[in-house]
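Each chain is listed here by its residues.
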Amino acid sequence: MRSINSRRLFSGTGLIVTGLAATLVAMIFPIWSYSDRSGTGVDTLNAQTLSTRYGPLSALDREFVTKVRLAGLWELPAGQQAGERGTTQAVKTAGQHLVEGHTFLDERVREVASRLGLQLPNQPNEQQQAWLGTLSAARGEEYDVQFANILRKAHGKVFGLVAQVRASTRNSLVRDLADDANTTVLDHITVLEATGLVDFDALARDAATASPPPLTNSPAPPGPTDSPSPPVPVSPSPASPSSSPTYTLPPPATSRPPEDDEPKESNEPKKSESSKGESSKGGDNGGDKSEDKKS
């Protein structure tokens, strides 16, 4: 009987020890397995990051540069169109801001891509061409509403990407471009909302149901490439043979938007201490003369 009981006790203790050992191994396994394991987020980031003289260039950085270029390829003609078809001054003003902002950004992104050796697209993507088609088919007040909401929705999506890139990039050129893009996109969001036509409820519903957008094919890695040529915007398809003019890209900006001038100092000469002294002396003499007259 004693041998049987001891065997049962031993086997029960063995099961407990085995279970505890298995639990300990399961807890330790992730620590050593993922530290050197390929395919993790850090490993993927390092594999897709390229070295440049301006700092590491990640896949997200290259994606951002491409999207800045794509934005100008369709928002420039959309802004030109709004200046001609808009029925309110607010819509026309928003269109002018799009033209000026993306003319400046397009020059900046082509400069950055050239220095990083990246290739850029020269045509809007399919979705952007569809948006241009929708705008071309609209007339009157319907055009104003479509313009304000399509452009506001597009800017809202890219605004998040700009913030993500600005917070994470290690490349100085991309960081500066993100600063410029952030200023431009925020300005465009503001003037589009100033039209009073933006459907904020629709924007909120779209944001709640939207899935992460697929990445655009990243440009080629740095290498000896030709400087990107100026964009050739796609003219929106006219609804009738003679209803829609053709659009040309405005001359590229040659500098950043002018900043407010600092207050200038007054040009009036300051009186020197010597002149002050002389004037005071003159006052004293005058006082003496008046006293002499009285005496």
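For the structure itself, consult the block above.
So, how was this worked out
Residues numbered from 1 in each chain as written. Predicted model: local features only at pLDDT ≥ 70, side-chain atom pairs only at ≥ 80, totals over all residues. Heavy atoms only, no water. Helix = DSSP H or I, 4+ residues; strand = E, 2+ residues; numbered from the N terminus. Buried < 20%, exposed > 50% of the residue type's maximum accessible area, 1.4 Å probe, protein only. Contact = heavy atoms within 4.5 Å. Phe/Tyr/Trp six-rings, centres within 6.5 Å; stacked < 30°, edge-to-face > 60°. Axes fitted to C-alpha atoms, helices over the stretch in contact; angles between N-to-C directions. Parallel < 35°, antiparallel > 145°, perpendicular 65-115°, else oblique. Left-handed = near helix turned anticlockwise from the far one by under 90°. Nonpolar A, V, L, I, M, F, W, Y, C, P; charged D, E, K, R; others polar. Salt bridge = Lys/Arg side-chain N within 4 Å of Asp/Glu carboxyl O.

1. A few points about the overall build of the protein chain
Line of reasoning, step 1. When helices and strands are tallied, the protein chain shows nine helices and zero strands.
Line of reasoning, step 2. Seen in sequence order, the protein chain has helices and strands lined up from the N terminus as α-α-α-α-α-α-α-α-α.
Line of reasoning, step 3. Residues classed as buried in the protein chain amount to 33% of the 295 residues present.
Line of reasoning, step 4. The contacts of the protein chain with a sequence gap of at least 6 include a subset with a gap of at least 24, amounting to 82%.

2. What about the environment of Leu-116?
Line of reasoning, step 1. Here Leu-116 is to be found in helix H4 (residues 89-116).
Line of reasoning, step 2. For Leu-116 and Arg-62, which are 54 residues apart along the polypeptide, the C-alpha to C-alpha distance reads 9.6 Å.

3. What to know about the packing of aromatic side chains
The way to describe two aromatic rings as a pair is by their centre distance and the angle between their planes.
Line of reasoning, step 1. One pass over the full model with this rule turns up two aromatic pairs.
Line of reasoning, step 2. Judged by centre distance (5.0 Å) and plane angle (40 degrees), the rings of Trp-74 and Trp-131 are tilted. In this pair, Trp-74 sits in helix H3 (residues 59-85) while Trp-131 sits in helix H5 (residues 126-137), placing the two residues 57 residues apart along the sequence.
Line of reasoning, step 3. Ring centres 6.2 Å apart and planes at 15 degrees place the aromatic pair Tyr-143 and Phe-147 in the stacked group. Placement of both Tyr-143 and Phe-147 in helix H6 (residues 140-168) is noted, with a separation of four residues, approximately one turn of the helix.

4. Describing the packing of H3 against H6
To describe two helices that pack against each other, one gives the angle between their axes and the distance between the axes.
Line of reasoning, step 1. Interaxial distance between H3 and H6 falls to 11 Å at its minimum, and their mutual angle equals 160 degrees. In terms of orientation, H3 lies roughly antiparallel with respect to H6. Along this stretch, H3 crosses H6, giving a crossing that reads as left-handed. Along its contact with H3, which presents Leu-60, Asp-61, Phe-64, Lys-67, Trp-74, Glu-75, Ala-78, Gln-81, Ala-82 and Arg-85, the element H6 presents Tyr-143, Asp-144, Phe-147, Ile-150, Leu-151, Ala-154, His-155, Leu-161, Val-162, Gln-164, Val-165 and Ser-168.
Line of reasoning, step 2. When its residues are assigned to classes, the contact of H3 with H6 shows 13 nonpolar, four polar and five charged.

5. Details of the pattern of salt bridges
Line of reasoning, step 1. Summed over the entire model, instances satisfying the criterion amount to nine salt bridges.
Line of reasoning, step 2. Among the ionic pairs, Arg-69 bridges to Asp-106, the shortest N-O distance being 2.9 Å. Of this pair, Arg-69 sits in helix H3 while Asp-106 sits in helix H4, placing them 37 residues apart in sequence. Considered together, Arg-69 and Asp-106 belong to a single accessibility category, that of buried residues.
Line of reasoning, step 3. Note that Asp-206 is salt-bridged to Lys-153, the shortest N-O span being 3.4 Å. Of this pair, Asp-206 sits in helix H8 (residues 200-209) while Lys-153 is found in helix H6, placing the two residues 53 residues apart along the sequence.
Line of reasoning, step 4. A residue is classified by how much of its surface remains accessible, and Asp-206, at 23% relative accessible area, is partly exposed.
Line of reasoning, step 5. One connected set of salt bridges, linked through shared partners, spans Arg-108, Glu-111, Arg-115 and Asp-180.

6. What about the packing of H6 against helix H7 (residues 172-193)?
Line of reasoning, step 1. Put simply, H6 and H7 touch, their axes get as near as 9 Å, and they point 150 degrees apart. On the basis of their axis angle, the class for H6 and H7 is roughly antiparallel. Handedness of the H6/H7 crossing: left-handed. In this structure, H6 uses Phe-147, Ala-148, Leu-151, Arg-152, His-155, Gly-156, Val-158, Phe-159, Val-162, Val-165 and Arg-166 to contact H7, whose residues at the interface are Val-174, Arg-175, Ala-178, Asp-179, Ala-181, Asn-182, Val-185, Leu-186, His-188, Ile-189, Leu-192 and Glu-193.

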